[in-house]
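Letter by letter, the chains look like this.
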Amino acid sequence: MESKKNEPELRDAELAKLAPLAREIPNIDSAIAEIARFSAELTLPRGTIHVISDIHGEDKKLRHVINNASGTLRPLVERLLKDRMPPEQFQEFLTLVFYPAEVIGRLEQTLQSKQERKDYAMRTLDNLFHIVRVLAARRSLKHSMRIFPAEYRELLAEILHEPSTERDWSYVDAIVDELTCRGRILHLIHLTGRVIRNLAIDELIIGGDCWDRGSRGDRVMDYLMQQPNISFVWGNHDVAWLGACLGHHALICQVLRISLRYRRLMQLEEGYGIPVQPLDLLARTVYANDPAIHFETKGTGMREKSMMARMQKAAAIMQFKLEGQMIARHPEWEMEHRRLLHRINYQAGTIEIDGISYPLLDVNFPTIDPVNPYELTSDERTCLERIRSSFMASQKLWDHMRWMVSHGRMYLRREEHLIFHGCVTVDQQGEFLPMPVDGQPYSGRALFDAIERFVHRLLDGPVHEELDLLWYLWSGPHSPLFGKDRITTLERDLISDPRTHIETKNPYFRLIHEPWFCDKILSEFGVDPAQGLIVNGHVPVEVEKGESPLKRSGKAITIDGAFSEAYGDHGFTLVLEPHRTFLAKHHHFESVEAAINKGADIIPSITVVREWEKPKRVADSQRGRYLRQVISLLEELIQAYRSNDLPQR
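Numbers given to residues run from 1 along each chain, matching the order in which its sequence is written. Side-chain atom pairs in this predicted model are given and counted only at pLDDT of 80 or more, local residue features only at pLDDT of at least 70, and totals for whole chains, interfaces and linings cover all residues. The side-chain values count all of the structure's non-hydrogen atoms but skip hydrogen atoms and water molecules.

1. Observations regarding the nonpolar core
For step 1, the next point in the chain: In this structure, Ile131, Leu224, Leu279, Met404, Leu470, Trp471 and Tyr508 are the most contacted members of the largest nonpolar core, which totals 169 residues.
For step 2, the next point in the chain: Each helix corresponds to a stretch of at least 4 residues labelled H or I by DSSP, and each strand to a stretch of at least 2 residues labelled E; elements are numbered beginning at the N terminus. Among the elements that line this core, the one with the most residues is helix 17 (residues 305-329), at 13 residues.
For step 3, the next point in the chain: The contact criterion used is simple: two residues touch if any of their non-hydrogen atoms lie within 4.5 Å. Apart from residues no more than four positions distant in its own chain, Met404 is found in contact with Trp211, Met221, Phe232, Trp234, Asp238 and Leu242.
For step 4, the next point in the chain: What we call a nonpolar core is a set of buried Ala, Val, Leu, Ile, Met, Phe, Trp, Tyr and Cys residues that are connected through their side-chain atoms within 4.5 Å. Partly exposed describes any residue whose relative accessible area lies between the buried limit of under 20% and the exposed limit of over 50%, with all areas from a 1.4 Å probe on protein chains only and scaled to the type maximum. Counting 20 residues, the second-largest nonpolar core is a separate cluster that includes Leu18, Ile35, Phe38 and Val618.

Listed below in structure tokens is the structure:
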């Protein structure tokens, strides 16, 4: 009796679920057409996914790797077109495919007459659309057309379907002629080149760490935000910048210090509009005669070398003070041994680390009060508050952070691949270690989910004390984004003994060589252990020492190939194709100018990681599961139309 009484309510709930879909699919025929389209899409090859990690500010190299689709675009263009034109012309065409904006900018200066532009366009568009047709055939037409720029979508679709038996080339000739007369034909070629790049990569996944070491993390973000289908896995450097944007004092000092260490102030001052004059003033007054030789910066630049060293030292001392304050606020972190400033013997010039005294390389600490070593001086407070105001007022930095958070996750599952940045923290036996989030301990997958919920709510207006967790995610021993027992910044700056510089990795990095451990991780995150592959970045693979990205277990791979020149200048892309998963290793990239003027390219070396007997179809993918759910809803919608529970339009 009770169930019958609830039947109308249940039916109302079902119809309420279908109502939004009915606004898009107004009748039975449109629903059937959608089912047919989705059913056909299930038969297509599974989309190609590119995974890049640990970019670390190398914007120019990243741009080239995306432009050449991690080296996969050149072989396709060669196969389709190399025999159709002379070598010099082919190289020029390849450069156009990789750098359409720059090449078109140059052509606007060299092709003066309308006839020259039209002749170039007729020849070039034919070749460009030969590639577009091949790439678009891997997707549904609707999916492909989403890649086309909105203003020219229908026009590009017309060219896409040329040639036909009923039309001769005069149809395209008329299009080109009109656009040439109106000065937009080279713009159309530029857009078509961008379409090729966007069609070559179905999804781009960034495995974390977009900032630090390299020159322009801001430009890395600018370029990533232009990509049509991108997902993001957060790294510890990313959450450090998020904390700085939100005004966390210690993370602001960390971002400042590392920007100074690698002479990357352009991204702060030009990129984000954050002046460092307050720190410059602090260095000129408080550290005026300090040689600061052990804070010497890397690289060269316009600013005086000694002043850069003093500024880095000033930022570092503030960072050490603020970290000491924060550790004292959080006894649950069990990091008291990392509060180091009160362990300095200022008379003897030594410091105690883990019960051992070491001589200091530098004993000039004009802002440290030995009685209260963690308190900022009035000069330091003034400096920090002015810089903090600039961080929090930077609209571009906020735009980047909002985008990164909205597109970001702690981990991703892509078919049989489990992708995260750092590690799953465990003890020596491989048992998951807990970490407190919002006052509750979490471990394993539950910890990743809790951190994700925490980060997503931060931009709604965090309490300042909450931001301390971002610092712990940056460098805490149980943080899955860090995965080491400590970060030895102070020791590397102030102690010569290399024993104090050691940062011990979490046992995860040893255990991923063991199949049983990988199976445990994969199962924890809902990936089939029989087929699964763990993918993480964070720890550079020392390829020059013969280290392999693929672990002995055959079930885990590290894709941090030291993308940044400061780390090693290699870099990897993991490419998930329908018939295989392979690793593309990228070497040094000379420059955009060399690519345009000399045809410089990164032709990666390829290592096949997995290979399938039959190419995977969309039906075998996460999108396939999604499409089957949509088809099921459409079937329900058809029934609702047939029973007249919902009116057709």
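Moving on, there is more to tell.
2. Observations concerning the pairing of strand 15 (residues 580-585)
For step 1, the next point in the chain: Relative to strand 15, strand 14 (residues 572-576) is paired through five bridges, and the arrangement is antiparallel. Residue pairing in the sheet places Leu574 in a bridge with Leu583 of strand 15.
For step 2, the next point in the chain: Pairing between strand 15 and strand 16 (residues 605-611): six bridges, direction antiparallel. In the sheet register, Leu583 faces strand 16, and the bridge partner there is Thr607. Being paired, for any two strands, means DSSP has found at least two bridges between them.

3. Considerations on helix 14 (residues 249-261)
For step 1, the next point in the chain: Expected helix span is taken as 1.5 Å per residue step, with the number of steps being one fewer than the number of residues. For helix 14, with 13 residues, the first-to-last C-alpha span of 18 Å sits near the 18 Å given by 1.5 Å per residue.
For step 2, the next point in the chain: Counting buried positions along helix 14 gives 11 out of 13 residues, so the element sits mostly inside the fold.
For step 3, the next point in the chain: Among the residues of helix 14, Ala250, Leu251, Ile252, Cys253, Gln254, Val255, Leu256, Arg257, Ile258, Ser259 and Leu260 are the ones counted as buried.
For step 4, the next point in the chain: Positive backbone phi, at 55°, marks Arg263, one or two positions downstream of helix 14.

4. A word on empty space enclosed by the protein
Over the atoms rolls a probe the size of a water molecule, and in doing so it shows where empty space is left.
For step 1, the next point in the chain: In this analysis the probe radius is 1.4 Å and the grid spacing 1 Å, with only protein atoms considered; a cavity is a set of points the probe fits into but cannot get out of, a pocket is an open set with protein on both sides within 12 Å along at least five of seven lines, and lining residues have an atom within 4 Å of a point. Grid points are joined across faces, edges and corners, and a volume is the space filled by probe spheres set on the points. By the definition in use, this model includes three cavities of 30 Å³ or more.
For step 2, the next point in the chain: Roughly 230 Å³ of volume is contained in the largest cavity.
For step 3, the next point in the chain: Looking at the lining of the largest cavity, the elements that each hand over two or more residues are helix 17, helix 21 (468-475) and helix 22 (489-494).
For step 4, the next point in the chain: The element that contributes the greatest number of residues to the lining of the largest cavity is helix 17, accounting for five residues.
For step 5, the next point in the chain: Just so you know the grouping, Ala, Val, Leu, Ile, Met, Phe, Trp, Tyr, Cys and Pro go in nonpolar, Asp, Glu, Lys and Arg go in charged, and all remaining residues, Gly too, go in polar. Its residues assigned to classes, the lining of the largest cavity shows 10 nonpolar, five polar and six charged.

5. Some words on the pairing of strand 12 (residues 533-536)
Within a regular strand, side chains alternate between the sheet's two faces.
For step 1, the next point in the chain: Residues Leu533 and Val535 line one face of strand 12 and the alternating positions Ile534 and Asn536 line the opposite face, and both faces are buried.
For step 2, the next point in the chain: Of the pairings in the sheet, the one linking strand 12 to strand 13 (residues 556-558) comprises three bridges and is parallel in character. For Asn536, the partnering residue across the bridge sits in strand 13 and is Thr558.

6. With respect to the packing of helix 14 against helix 18 (residues 378-393)
For step 1, the next point in the chain: In the contact formed by helix 14 and helix 18, the axes pass within 11 Å of each other and the chain directions differ by 85°. Viewed along their axes, helix 14 and helix 18 adopt a mutual orientation that is roughly perpendicular. Along the contact surface, helix 14 presents His249, Ile252, Cys253, Val255 and Leu256, while helix 18 presents Leu384, Glu385, Ile387, Arg388 and Phe391.
For step 2, the next point in the chain: Split into classes, the residues belonging to the contact of helix 14 with helix 18 amount to seven nonpolar, one polar and two charged. Every axis in this analysis is a line fitted to C-alpha atoms, fitted for helices over the stretch in contact. Angles between the N-to-C directions lie between 0 and 180 degrees. Put simply, angles under 35 degrees are roughly parallel, angles over 145 are roughly antiparallel, angles from 65 to 115 are roughly perpendicular, and the rest are oblique.

7. Looking at the side chain of Glu41
For step 1, the next point in the chain: One can find Glu41 in helix 2 (residues 28-41).
For step 2, the next point in the chain: Between N or O atoms, a polar contact is any pair within 3.5 Å; within protein, one atom must be a potential hydrogen donor and the other a potential acceptor, and residues adjacent in sequence are included only when both atoms are from side chains. At a separation of 2.6 Å, a polar atom in the side chain of Glu41 contacts the side chain of Arg623.

8. Here we look at the environment of Asn236
For step 1, the next point in the chain: Here Asn236 is to be found in helix 13 (residues 236-245).
For step 2, the next point in the chain: The exposure class of Asn236 is buried, given its relative accessible area of 2%.
For step 3, the next point in the chain: Here Trp474 takes part through its backbone oxygen, which lies 3.2 Å from a polar atom of the side chain of Asn236.

9. Thoughts on unusual backbone geometry
For step 1, the next point in the chain: Positive phi is not limited to glycine here, since Ala292 has a value of about 50°.
For step 2, the next point in the chain: Phi is positive for Asp438, close to 55°, though the residue is something other than glycine.
For step 3, the next point in the chain: Within the secondary structure, Asp438 is located in the loop between strand 10 (435-437) and strand 11 (440-442).

10. What to know about the packing of aromatic side chains
For step 1, the next point in the chain: Side-chain rings of Phe, Tyr and Trp (the six-membered ring for Trp) are treated as a pair once their centres are within 6.5 Å; stacked means planes under 30 degrees apart, edge-to-face means over 60, and tilted covers the remaining angles. Taken as a whole and assessed by the stated rule, the structure comprises 15 aromatic pairs.
For step 2, the next point in the chain: Here Trp333 and Tyr472 contribute two aromatic rings whose centre-to-centre distance is 5.0 Å and whose plane-to-plane angle is 40°, an arrangement assigned as tilted. Residue Trp333 is located in the loop between helix 17 and strand 4 (344-345), and its partner Tyr472 is located in helix 21; the two are separated by 139 residues in the primary sequence. Pair check on accessibility: Trp333 and Tyr472 agree, each one buried.

11. Comments concerning the sheet that holds strand 4
For step 1, the next point in the chain: With respect to topology, three strands assemble into an open sheet ordered 4-5-6, the strand pairing being antiparallel. Two strands lie at the open edges of the sheet, namely strand 4 and strand 6 (356-359), each paired on one side alone.
For step 2, the next point in the chain: Direction of pairing for strand 4 relative to strand 5 (residues 350-353): antiparallel, over a ladder of two bridges. The partner of Ile344 across the bridge, within strand 5, is Ile351.

12. Structural notes on the sheet that holds strand 2 (residues 203-206)
For step 1, the next point in the chain: The sheet built from seven strands is open, its strands ordered 7-3-2-1-14-15-16 with mixed pairing. Among the strands making up the open sheet, the edge pair consists of strand 7 (408-409) and strand 16.

13. Section: the packing of helix 14 against helix 17
For step 1, the next point in the chain: Packing of helix 14 against helix 17 brings their axes to within 8 Å, and their N-to-C directions diverge by 155°. In this view, helix 14 runs roughly antiparallel relative to helix 17, as classed from their interaxial angle. Where helix 14 crosses over helix 17, the handedness of that crossing is left-handed. Contacts between helix 14 and helix 17 involve His249, Ala250, Cys253, Gln254, Leu256, Arg257, Leu260 and Arg261 on the former and, on the latter, Met308, Met311, Gln312, Ala315, Ala316, Met318, Gln319, Leu322, Glu323 and Met326.
For step 2, the next point in the chain: Residue composition of the contact of helix 14 with helix 17, by class: 11 nonpolar, four polar and three charged. Crossing handedness is read from the near helix: turned anticlockwise from the far helix by less than a right angle, it gives a left-handed crossing, and turned clockwise, a right-handed one.

14. A short note on the pattern of salt bridges
For step 1, the next point in the chain: By definition here, a salt bridge exists when the distance from a side-chain nitrogen of Lys or Arg to a carboxyl oxygen of Asp or Glu is within 4 Å. Under the definition given, this model contains 40 salt bridges.
For step 2, the next point in the chain: Between Arg284 and Asp280 there is a salt bridge, and its shortest N-O distance comes to 2.5 Å. Of the two residues, Arg284 and Asp280 both sit in helix 16 (residues 277-285), four residues apart, roughly one turn of that helix.
For step 3, the next point in the chain: A salt bridge links Lys305 to Glu296; the shortest N-O distance between them is 3.4 Å.
For step 4, the next point in the chain: Lys305 sits in the partly exposed class, given a relative accessible area of 47%.

15. A few points about the layout of surface pockets
For step 1, the next point in the chain: Here the second largest pocket is characterised by a volume of approximately 830 Å³.
For step 2, the next point in the chain: Along the wall of the second largest pocket there are 35 residues; nearest its centre are Arg46, Gly47, Thr48, Ile49 and Asp202.
For step 3, the next point in the chain: Residue assignment for the lining of the second largest pocket shows that the elements contributing at least two residues are strand 1 (49-52), helix 4 (73-81), helix 11 (185-200) and helix 26 (622-642).
For step 4, the next point in the chain: A total of four residues in the lining of the second largest pocket trace back to one element, the largest contributor, which is helix 4.
For step 5, the next point in the chain: Here the residues of the lining of the second largest pocket are counted per class, giving 12 nonpolar, 10 polar and 13 charged.

Note that all results are geometric; they support no functional claim without further evidence.
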